[in-house]
Structures are given as C-alpha cells and as structure tokens.
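Listed below are the residues making up each chain.
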There are 2 protein chains.
Amino acid sequence: MTTRSGKNIEKIPEPTLRRLPWYLSGAKLMRERGERYISSTRLSEQINIDASQIAKDLSFVNISGRTRVGYEIDSLIRVLEDFLGFTRLHKAYLFGVGSLGGALLRDSGLAQFGLEIVGAFDVNPELVGTSINGIPIYHTDEFTERIRQDGVCIGVLTVPISIAQEVTDRMVDGGIRAVWNFTPFRIRVPEHIVVQNTSLYAHLAVMFNRLNETLKK
Amino acid sequence: MTTRSGKNIEKIPEPTLRRLPWYLSGAKLMRERGERYISSTRLSEQINIDASQIAKDLSFVNISGRTRVGYEIDSLIRVLEDFLGFTRLHKAYLFGVGSLGGALLRDSGLAQFGLEIVGAFDVNPELVGTSINGIPIYHTDEFTERIRQDGVCIGVLTVPISIAQEVTDRMVDGGIRAVWNFTPFRIRVPEHIVVQNTSLYAHLAVMFNRLNETLKK
C-alpha cells in the first residue's frame, strides 16, 4: 500500500502480527529476571519458535539487534508495545451487557493493552443507568447521540446472535470503524470496516476435538 | 489416524472446525425465525461463505441434506452441537483468579458450550476459600489433591506471564490434558498435551493494526 506521503509500507502479514505479542511477553519475562539483552536464539529457546522466523518477524518493526548480544530488552519492549498499539488508548463501546459482555467490562487488563471501554449499551431496563467497573451502561437508542461526543471508533460485540447483524449495522451506520466480534455469528460489514473475530466457543470446539483425539490414542 | 477398532477417521482440518460454529449459529438464527429447512445456498447468503465450502465442511459431520430443501434445521443443530462437543460438559479448572480469570468465572455462557469450570486456583489469601459465581477458589497447592477427586482434564490458564510456564508444568504433571491458554505467553508442553491459545491481546494488536491501515487510506 502507499500512504499519502507516497511512501511504500509493506503490509505486515497477520501470522507475524500474531507472533509479535509472544516476543513481547518473552522479552518482558526476561526483563523481570534481570536480563538487559536478548538474542533471537535465546528468545527462540524460550518460546520454541525458529530463530530465523523471529528475526524475520522483527524486521517489520523498527528495531535492530547487535551482533552477539542481541536486542536491548527495554528498547525491544518499548518498540513492540508501540508497534502493537498497546501504548495508546483506543476508545471503544461494548454492545450487549450479558454474561460475557459484563465479564469483559470487569477485565481491567484490556486497558493495559490499549483498549479503553468508555461506555456500554444494552436494552435491559435493569442495567441501563447503572455501571460496571466504572463504565456507564446506556440504552442502545442513545448510541448515535453518544458517539458524536465520545469519538469512539471501536465496537465490542457481545449481543445474542439473533441481533448480532442488526447491532453491527447500527454500529457501522453510527461511525464505528472496527468491530471486535465475540459472538459465534459471522457478521457482514462493508469492505472498509475491520472485523476481528474472537469466538471463545469456536476455540472451545477446536480444543474439545483435539482433546478427544489424544484421549482416543 | 486409526482408532483401536481399526477404522480410519479423517482428521478434521482446523479451518473447517473453526467454521462449523458459524453454521451452527446461522442455523440457530434460522430456527428462531421459524424456518424448518436450510440449504447450503441460503446459509451461504446469510453468512457470506461459499456454498461449496459449506457443503464440503458439513461432509465431515454425520448429516445429509435433501435435494432442493436442504438440511433439516433441528437435526443440523443437534448434530453440530454434538460434533463440536457442546452437548457434553467438560470439567475444567481455572488457574489465576486475576482480572481476566475472575471475568471468565463469571461468564456462565461457557457452560452452555460444554465447559464447566468446577474450581479455580490462586495463591492470593484474600481469594482462597471464597467463590465466584458458585465456583470455589482453592490454594494452588491443593491442586494435585483435588484433581484426583474431581476427574478434571482441562486447565484454563489466566496467570501472569511470569509464572505461566511453571503453572503449566504443574498442571501437566497433575494430569491436565488440555490447556486453554489466555496468557500472551507461548507455553511449552509435551507432545500429547493439547494447547488452545486465545490471546485477547494478540487479537487486539491485529485489530489496531488493521484499523490504522484503514484510517490512513
């Protein structure tokens, strides 16, 4: 792709993007243990990924290692956190304060990784007007009004599947640019909208299946 | 692979396994709307996946459609739920009752998809002896004793990265066969142990990156 400035940026492959957080947590662990430098070989042993793969993945981020000693851990952590977007807070709304939605509102860990849920929406009169973990719950009808004030562009989707598509459409109409979809429903969105699917249930299905296979052996 | 009975079972590919829950939720939605039959073409329109892909994926499960009318929805749902392991409860322990761990204990949705968390472990004296959502929290040292009584074979890992590997090793030593890893740390396990990685933070990183790309355009 080419940015407005005309500079070519190589789009980072998704598998690389998924591995970078492993390097980040590996580096954090080494820092906790008092290390100052880490080589791709050492990181490779620790997390069981090929050293050449690590070097290749890290070539996408703006960091260079020194021969023999490797990467300076503090810099590596800073550069990775910055690259992965964990150092800036991205405002988000959550839609559907059910069991999973409520659980996510209570998970303060998300803010440490750059996601700040600033409001939640539901239609349940017992929930509207209350708050969870300091996050206010509004009626879904207030969304269009709210988003104008709040400047939010991420929506976390935790509604029942029967309204997943309808709520997604409303989110997109209102100006949401990225949907973090926790429902097992495959939502449809216009091409310019980002969808990140995280279906815990699909992951459970994969795990159950693999587990059954190993138990059969 | 070959089972003891000598029957060849084709190992289902992971991408197929990940798509099946989409068909399940699509079928559930159609049932809610009063439909009795669903064709792959109709399902294809609804969830935007190629009809031939759907038919191919469904060939792995024991269901056959009728020409023109398609699959009977009730049977499709029953067969898929059964195939995906959602109809049997799989007992699990959760390790690390922090922000995310506590949130997962409160998510009763997991039980509807076959995961029954029967106990949690932590070392925090303020948590040990209490319970969340009816699930008792024990001291980590009690694990080896407990697992003998409870017959649990799944461990949900939500500890800090600094102890992720150590806790995994203890789980495996105690008899855990599958680890659902929510930490961003890449744990190492013996070959016969199943690991399902669900790093919310890695998913966040992918979403932030894609979002930045679309905003740049």
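Everything numeric in this text was worked out from a predicted model, so none of it was measured.

**Looking at the packing of aromatic side chains**
Going through the model one piece at a time under the given rule, you end up with 20 aromatic pairs over all chains. With a centroid separation of 4.7 Å and 50° between ring planes, the pair formed by Trp180 of chain A and Phe182 of chain A is classed as tilted. Given a relative accessible area of 0%, Trp180 of chain A falls into the buried group. Here Tyr93 of chain B and Phe143 of chain B contribute two aromatic rings whose centre-to-centre distance is 6.0 Å and whose plane-to-plane angle is 80°, an arrangement assigned as edge-to-face. In this pair, Tyr93 of chain B is assigned in strand β3 (residues 90–95) and Phe143 of chain B in helix α7 (residues 143–150), connecting sequence segments 50 residues apart. For the pair Tyr93 of chain B and Phe143 of chain B, one class covers both residues: buried. Connected via pairs of aromatic rings, a cluster forms that spans Tyr93, Phe95, Phe121, Tyr138 and Phe143 of chain A. Here the basic side chain of Arg186 of chain A rests over the ring of Trp22 of chain B, its NZ or CZ set 4.6 Å away from the ring centre.

**Looking at the relation of the copies chain B and chain A**
Laying chain B over chain A is done by rotating through 180° and shifting 0.0 Å along the axis; what remains is an RMSD of 0.0 Å. Here the transformation between the copies is reduced to the relation of a two-fold axis. If distances are taken from each C-alpha of chain B to the rotation axis, the shortest is found for Ala103 of chain B, at 2.2 Å.

**Some words on the domain arrangement of chain A**
Per the domain assignment, the segments of chain A are domain 1 (9–83) and domain 2 (90–203). Computed from C-alpha atoms alone, the centre-to-centre distance between domain 1 of chain A and domain 2 of chain A is 32 Å.

**So, the UniProt feature "domain: CoA-binding" (unreviewed entry) in chain A**
Look at the UniProt record and you will see "domain: CoA-binding" (unreviewed entry) annotated at residues 85–186 of chain A. Along residues 85–186 of chain A the backbone is 33% helical and 28% strand, and the end-to-end C-alpha distance reaches 26 Å.

**Thoughts on the pairing of strand β6 (residues 135–139) of chain A**
Residue and element names in this part refer to chain A. Pairing between strand β4 (residues 115–122) and β6: three bridges, direction parallel. Paired with Phe121 across the bridge in β6 is Tyr138. Direction of pairing for strand β5 (residues 131–132) relative to β6: antiparallel, over a ladder of two bridges. What sits directly across from Ile132, in β6, is Ile135.

**Considerations on the pattern of salt bridges**
Counted according to the given criterion, the structure contains 17 salt bridges over all chains. Linking Arg31 of chain A and Asp74 of chain A is a salt bridge whose minimum nitrogen-to-oxygen distance equals 3.3 Å. Within this pair, whereas Arg31 of chain A is found in helix α1 (residues 14–32), its partner Asp74 of chain A is found in helix α4 (residues 73–83), the two being separated by 43 residues in sequence. Among the residues examined, Asp74 of chain A registers a relative accessible area of 37% and is labelled partly exposed. Residue Glu81 of chain B is joined to Lys28 of chain B by a salt bridge in which the shortest nitrogen-to-oxygen separation is 3.4 Å.

**Side note on the packing of helix α1 (residues 14–32) of chain B against helix α2 (residues 40–47) of chain B**
Residues and elements named next belong to chain B. Look at α1 against α2: their axes get within 10 Å of each other, and the N-to-C directions meet at 100°. One way to sum up the angle between α1 and α2 is to call them roughly perpendicular. For the pair formed by α1 and α2, the contact residues are Trp22, Tyr23, Gly26, Ala27, Leu29 and Met30 on the first element and Arg42, Leu43, Gln46 and Ile47 on the second. Considered class by class, the residues forming the contact of α1 with α2 number seven nonpolar, two polar and one charged.

**Here we look at the UniProt feature "binding site: NAD(+)" (unreviewed entry) in chain A**
All names here are of chain A. UniProt tags Gly96, Val97, Gly98, Ser99, Leu100 and Gly101 as "binding site: NAD(+)" (unreviewed entry). Filtering the just-named annotated residues for those lining the largest cavity gives Leu100. With respect to the secondary-structure elements, Gly96 resides in the loop between β3 (90–95) and α5 (99–106). Sequence-distant contacts of Gly96, that is, excluding residues within four places in its chain, are made with Gly101, Phe121, Asp122, Thr158 and Val159.

Cut-offs and rules
Residues numbered from 1 in each chain as written. Chains lettered and ligands numbered in written order. Predicted model: local features only at pLDDT ≥ 70, side-chain atom pairs only at ≥ 80, totals over all residues. Heavy atoms only, no water. Phe/Tyr/Trp six-rings, centres within 6.5 Å; stacked < 30°, edge-to-face > 60°. Buried < 20%, exposed > 50% of the residue type's maximum accessible area, 1.4 Å probe, protein only. Helix = DSSP H or I, 4+ residues; strand = E, 2+ residues; numbered from the N terminus. Lys NZ or Arg CZ within 6 Å of the ring centre and 35° of its normal. Least-squares fit on C-alpha atoms with pLDDT ≥ 70 in both. Domains from an automatic or database assignment. UniProt positions renumbered as here; feature names shortened; annotations may be inferred. Pairing = 2+ DSSP bridges. Salt bridge = Lys/Arg side-chain N within 4 Å of Asp/Glu carboxyl O. Axes fitted to C-alpha atoms, helices over the stretch in contact; angles between N-to-C directions. Parallel < 35°, antiparallel > 145°, perpendicular 65-115°, else oblique. Contact = heavy atoms within 4.5 Å. Nonpolar A, V, L, I, M, F, W, Y, C, P; charged D, E, K, R; others polar. 1 Å grid on protein atoms, 1.4 Å probe; cavity = no way out; pocket = protein on both sides within 12 Å on 5 of 7 lines; lining within 4 Å.

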